[in-house]
Amino acid sequence: MYRLNKGGFDAYLVGGGVRDILLGQKPKDFDIATNATPEEIKGLFRNCRLIGRRFRLAHIVFGREIIEVATFRGHHESASDEEKNCKKTSKQSDDGMLLRDNIYGTIDEDAQRRDFTINALYYSSKDFKVFDFANGVKDVEDRVIRLIGEPTTRYREDPVRMLRAIRFATKLDMQIAPETKAPIKELAPLMANIPAARMFEEFLKMFISGKAVANFEQLREYNLFKFFFPIVDQALDNDNELIKRFIVQAMTNTDKRINNDQRVTPAFLFAAMLWYSLQSYIQQINAQSQLAPQDAFFAALSEIMPEQQRSIAIPKRFQSVMKDIWILQDKLARREGKRAFKTFEHPKFRAGYDFLLLRAEIETDNHHLSELANWWTDFQNVSNDAQLQMIKAVKAPSGSKKRSPRKRRKPASKAAVGS
């Protein structure tokens, strides 16, 4: 901010950083708004990179930290004919959604272009004042989420604002103003226009933030959940209580881990969301053809994943972990011979085991699943000799020749491996 000021530009800390400080919370990140254009910002900072087509932004990189700097946005109706006709500068879809939004303006116009009043707060390092253009300080004090401008128009400009309203309400323990929430159900179909890649980012914000359960309930209430998981939403509409209890428990566990500063992977939650839908596909395939279990699994996988990808572009690194978690459910059930040790040494064993525990917790009438979960819990906490005895006590599947497992050799020391 000081460097922009010294360069002859205005600069303000804006949005969530100011809001969170007023609420007594620790800001997650800091955004800067300025009257300098992206190119002028780049001229002041060697550690700057320009990103975005829809919104042209400057990212200032300080080590592992990134400060996002945006030029004041202006009103499209007040833009020059040249700017309006330039598709790189201004472009809207037939539904009113902003496809390009690079019309620059004043700080007053920028404040009016902000989505919610609580985000239209600007802090200046020149005089150390907070500038409030939309009565946002009062809404922060009253704990109200309120859109700036006419709600229907603002949602049409960017349908993701409907998700943001819900996310801010649950994150900040606030209420959505009546006029702000009134059009959400009616305009929910506009979410179909949001690219799958952007929906992945929104999934992370909604479900990997420590408020997954609260966001899930709100998304269901406003008919927005189906734009994340259409197959699951349909099952929930059919009153499938098993699926609901399963994914709610998975989200509850995820929330606890995040709030305890423990690591989580989105892949686990994706796997939980789609588990019973995958099983339904497998059952349908088995009813139509006699495939081996492994073939039926991969056939179902080839059906469900492309369908899900149309809603959320799940990166391949998470798809791979999802597949491992699902495959491990079968491997965990096969403990005879050397199989238990091979499964135990699988890189994703812990995720597969946690998933098994989740299934056993929800499917309380499945005694085999409960026994299996207890067996693997004990297996991890006993000696090697006791593990061998546990394996010997396992009954091999009918038709298979039971072999007594050999005692595992101790791995070579690091020194020996290095030499």
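Just above sits the structure.
Residues numbered from 1 in each chain as written. Predicted model: local features only at pLDDT ≥ 70, side-chain atom pairs only at ≥ 80, totals over all residues. Heavy atoms only, no water.

**Side note on the overall build of the protein chain**
A count of helical and extended segments in the protein chain gives 22 helices and eleven strands. Per-residue burial over the protein chain gives 46% buried out of 419 residues. Looking at the protein chain alone, contacts between residues at least 24 apart form 64% of all its contacts between residues at least 6 apart. Counting only carbon and sulfur atoms, one obtains 48% of the accessible surface of the protein chain, whose full area is about 22,600 Å². (Helix = DSSP H or I, 4+ residues; strand = E, 2+ residues; numbered from the N terminus. Buried < 20%, exposed > 50% of the residue type's maximum accessible area, 1.4 Å probe, protein only. Contact = heavy atoms within 4.5 Å. Areas by Shrake-Rupley, 256 points an atom, 1.4 Å probe, with all protein chains shown as cover.)

**With respect to the packing of helix α19 (residues 349-362) against helix α20 (residues 367-379)**
A pair of packed helices is captured by two measures, namely the crossing angle of their axes and the spacing between those axes. Running from N to C, α19 and α20 point in directions that differ by 145°, and their axes come no closer than 9 Å. Classified by chirality, the crossing of α20 by α19 is left-handed. Here F349, Y353, L356, L357, R359 and A360 of α19 lie close against α20, whose contacting residues are L369, S370, L372, A373, W376 and T377. Among the residues making up the contact of α19 with α20, the classes are represented as nine nonpolar, two polar and one charged. (Axes fitted to C-alpha atoms, helices over the stretch in contact; angles between N-to-C directions. Left-handed = near helix turned anticlockwise from the far one by under 90°. Nonpolar A, V, L, I, M, F, W, Y, C, P; charged D, E, K, R; others polar.)

**Concerning unusual backbone geometry**
With a phi close to 60°, R143 is a non-glycine residue in the positive phi region. Relative to the assigned elements, R143 resides in the loop between α6 (136-142) and β10 (144-145). By relative accessible area, R143 is classed as partly exposed at 32%.

**Observations regarding the sheet that holds strand β8 (residues 121-124)**
Strand order in the open sheet formed by seven strands is β3-β4-β5-β2-β1-β8-β9, and the pairing between neighbours is mixed. Taken across any chain shown, the strands that pair with only one partner, and hence form the sheet edges, are β3 (48-51) and β9 (130-132). Direction aside, neighbouring strands of the sheet carry axes that sit 35° apart on average. Sheet topology places strand β4 (residues 57-62) next to strand β5 (residues 65-71); six bridges connect them, and they run antiparallel. The partner of L57 across the bridge, within β5, is A70. (Pairing = 2+ DSSP bridges.)

**Let's talk about the packing of aromatic side chains**
Under the definition given, this model contains 28 aromatic pairs. Here the aromatic rings of F225 and F229 are separated by 5.7 Å at their centres, their planes lie at 35°, and the arrangement is tilted. In this structure F229 comes out as buried when scored by relative accessible area, which is 0%. With a centroid separation of 5.1 Å and 90° between ring planes, the pair formed by F344 and F349 is classed as edge-to-face. (Phe/Tyr/Trp six-rings, centres within 6.5 Å; stacked < 30°, edge-to-face > 60°.)

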